[in-house]
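# A closer look at the structure
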Amino acid sequence: MDNRRFGADCSAFAARYEAQKLAFGPVVFQCVRIAWKKGLLAALADGALASNELMVRHGLSAYAVDVLLESCLSAGVVARKNGLWELEKPGYMLVNDRLTQINFDWVQDVCWQGLFDLERALDEEKPVGLRHLGDWPSIYEGLSVLPEPARSSWFAFDHYYSDSAFPDALPFLLKRQPRRLMDVGANTGKFARLCLEHDPAVQLTLVDLPIQLDVAWRGLQEAGLAERLMLAPRNLLDAALQLPSGHDVIWMSQFLSCFSLDAIRHILACAARALDEGGRLFILDTFWDRQQFDIASYCLINTSPYFTAIASGNSKIYRADEYIACASDAGLECLAIHDQLGLSHSLLEFGLRP
Ligand SMILES: C[S@@+](CC[C@H](N)C(=O)[O-])C[C@H]1O[C@@H](n2cnc3c(N)ncnc32)[C@H](O)[C@@H]1O
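Residues numbered from 1 in each chain as written. Predicted model: local features only at pLDDT ≥ 70, side-chain atom pairs only at ≥ 80, totals over all residues. Heavy atoms only, no water.

What follows deals with the state of the cysteines. For the structure shown, the criterion picks out 0 disulfides. Cysteine Cys31 is unpaired, with the sulfur of Cys72 as its nearest cysteine sulfur at 6.9 Å. In this model Cys111 remains outside any disulfide bridge; the closest cysteine sulfur is found in Cys299, 12 Å from its own. (Disulfide = S-S within 2.5 Å.)

Not every one of the 19 residues close to the ligand is listed here, only the nearest: Asp158, Gly185, Asn187, Asp208 and Ser253. With respect to the ligand, the side chain of Asp158 contributes an N or O atom lying 2.8 Å from an oxygen atom. Leu236 places a polar main-chain atom, nitrogen or oxygen, 2.9 Å from a nitrogen atom of the ligand. When the free accessible area of the ligand is taken as 590 Å², the share hidden by the protein chains comes to 95%. Ranked by residues supplied to the shell around the ligand, first place goes to helix α10 (residues 150-174) with 4 residues. The residue inventory of the shell around the ligand, partitioned by class, reads 9 nonpolar, 7 polar and 3 charged. (Near = heavy atom within 4 Å. Polar contact = N/O pair within 3.5 Å; in protein donor to acceptor, adjacent residues only side chain to side chain. Areas by Shrake-Rupley, 256 points an atom, 1.4 Å probe, with all protein chains shown as cover. Helix = DSSP H or I, 4+ residues; strand = E, 2+ residues; numbered from the N terminus. Nonpolar A, V, L, I, M, F, W, Y, C, P; charged D, E, K, R; others polar.)

With that settled, the discussion passes to the nonpolar core. Counting residues in hydrophobic clusters, the biggest one holds 61 residues, and the most contacted among them are Ile139, Tyr140, Trp154, Met252, Leu268 and Tyr306. Considering each element in turn, this core owes the most residues, 8 residues, to helix α13 (residues 261-274). Those residues in contact with Tyr140 that sit more than four places away from it in its chain are Trp154, Leu209, Ile211, Gln212, Cys258, Tyr306, Phe307 and Ala311. Membership of the second largest hydrophobic core comes to 26 residues, among which are Phe166, Leu196, Leu204 and Val249. (Core = buried A, V, L, I, M, F, W, Y, C linked by side-chain atoms within 4.5 Å. Buried < 20%, exposed > 50% of the residue type's maximum accessible area, 1.4 Å probe, protein only. Contact = heavy atoms within 4.5 Å.)

Relative to the assigned elements, Val207 resides in strand β4 (residues 203-208). Judged by its relative accessible area of 0%, Val207 is buried. Here the alpha-carbon distance between Val207 and Leu225, two residues 18 residues apart in the chain, equals 16 Å. Beyond its immediate sequence surroundings of up to four residues, Val207 is in contact with Met182, Asp183, Val184, Gly185, Ala186, Leu213, Ala232, Arg234, Leu236 and Leu243.

Each assigned domain of the protein chain is listed with its residue range as follows: domain 1 (12-96) and domain 2 (120-352). Here domain 1 and domain 2 have C-alpha centroids that lie 38 Å from each other. (Domains from an automatic or database assignment.)

On to the pattern of salt bridges, then. Charged atoms that come close allow side chains of opposite charge to pair. Considering all chains together, one arrives at 16 salt bridges under this definition. Across the pair Arg319 and Asp321 runs a salt bridge, and its minimum N-O distance is 3.2 Å. Through salt bridges that share partners, Asp262, Arg265 and Asp329 make up one connected network. (Salt bridge = Lys/Arg side-chain N within 4 Å of Asp/Glu carboxyl O.)

Within this structure, the stated rule accounts for 15 aromatic pairs. Ring centres 6.2 Å apart and planes at 70 degrees place the aromatic pair Trp36 and Phe104 in the edge-to-face group. One end of the pair, Trp36, is in helix α2 (residues 25-37); the other, Phe104, is in helix α7 (residues 98-111), and 68 residues separate them in sequence. Just as Trp36 is buried, Phe104 falls in that class too. Taken together, the aromatic side chains of Trp106, Phe157, Tyr160, Tyr161, Tyr306 and Phe307 make up a single cluster linked through ring pairs. Across from the ring centre of Tyr17, 4.5 Å away, lies the NZ or CZ of Lys21, which sits over that ring. (Phe/Tyr/Trp six-rings, centres within 6.5 Å; stacked < 30°, edge-to-face > 60°. Lys NZ or Arg CZ within 6 Å of the ring centre and 35° of its normal.)

In the UniProt entry, the feature "domain: O-methyltransferase C-terminal" (unreviewed entry) is given for residues 179-331. With 41% helix and 22% strand, residues 179-331 has its two end C-alpha atoms placed 23 Å apart. (UniProt positions renumbered as here; feature names shortened; annotations may be inferred.)

Its place among the elements puts His159 in helix α10. Here His159 falls in the buried class, since its relative accessible area comes to 14%. Setting aside its immediate chain neighbours within four residues, His159 contacts Ser164, Asn187, Thr188 and Lys190.

Pro149 follows Glu148 through a cis peptide bond whose omega is 5 degrees. Residue position: Pro149 is located in the loop between α9 (139-142) and α10. In this structure, Glu125 is a non-glycine residue whose phi angle is positive, near 50 degrees. The exposed category is assigned to Glu125, whose relative accessible area is 52%. Positive phi values are uncommon outside glycine, yet Asn187 reaches one of about 55 degrees. Residue position: Asn187 is located in the loop between β3 (180-184) and α11 (190-198). For Asn187, a relative accessible area of 13% puts it in the buried group.

Here is the structure:
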């Protein structure tokens, strides 16, 4: 971790070009995104076309087609050959790759306006950019009532990452044959549903903000799974927080990244108090330092400014050792780390320190 590098040695000339890509990055993002949304890139996936053909098909002016596709050209998303536009491989990713599409939508619909306030958010440790979406202390109070398209893009982003890891992580939990499992930060109840369906004996306690638990409860009730469910509405930032006790497994997925390190210490101390002797705390999360490929670390590192400007003002995508240190302060010892689950998750397994 202390020796990590994403750049490569290059000449000053090449470095200057790289720096201009950063300067114009937001401009290119918008042009590529609009070319994709307007269907220009999808049209080119079927074969090379001239500007005037694209113009007619998509109801755009020649001027608009050229402004968009020349920016795409500069970014290697399209090429120009004998006067025709052709799609390049990154362009195919926009047309076909769900990860790329979800990230583009999330950056535009959730982050774009709020990131303008990043500097102030960093200075004040408050999510000042959230005002573009609604008036809440953090995004979590507003999640289920976010204006569209932010709501759909937020949930698509969150679920795409965590859904990919749930089936890989579940066997580590069920191996312990838990009787009472507590899902802290249960959100829409997707993981709860998976557990209840896989293990007919397990009972679940869902912990989240009341507004989130309403959504989870409705979904699980409709699925006929509410019988083995208990709800524990809590604000985890409450200084007097007490979590329900008597659980042999506590589960936190993509949850602690919503909080500052001080808050994480507080939440983990409460979790340690709620854990049965011999019980386990499982933390499923994305750690940028535990990725096999740079593409994952790159996406995760660049998710952190969203947490600052829009979500909470003081949280981020952490390194695994930061959670482990907080857990140690809370009397928990790390027993195992399981990496490469789903797209980019690791599962940390903790027990009470003897
Ligand atoms: C990023 S979502 C992750 C949800 C889910 N566990 C998953 O893996 O997809 C974080 C969850 O933490 C909850 N949360 C955030 N701040 C909270 C707080 N102060 N108290 C209780 N829950 C909170 C949110 O409502 C949301 O459901």
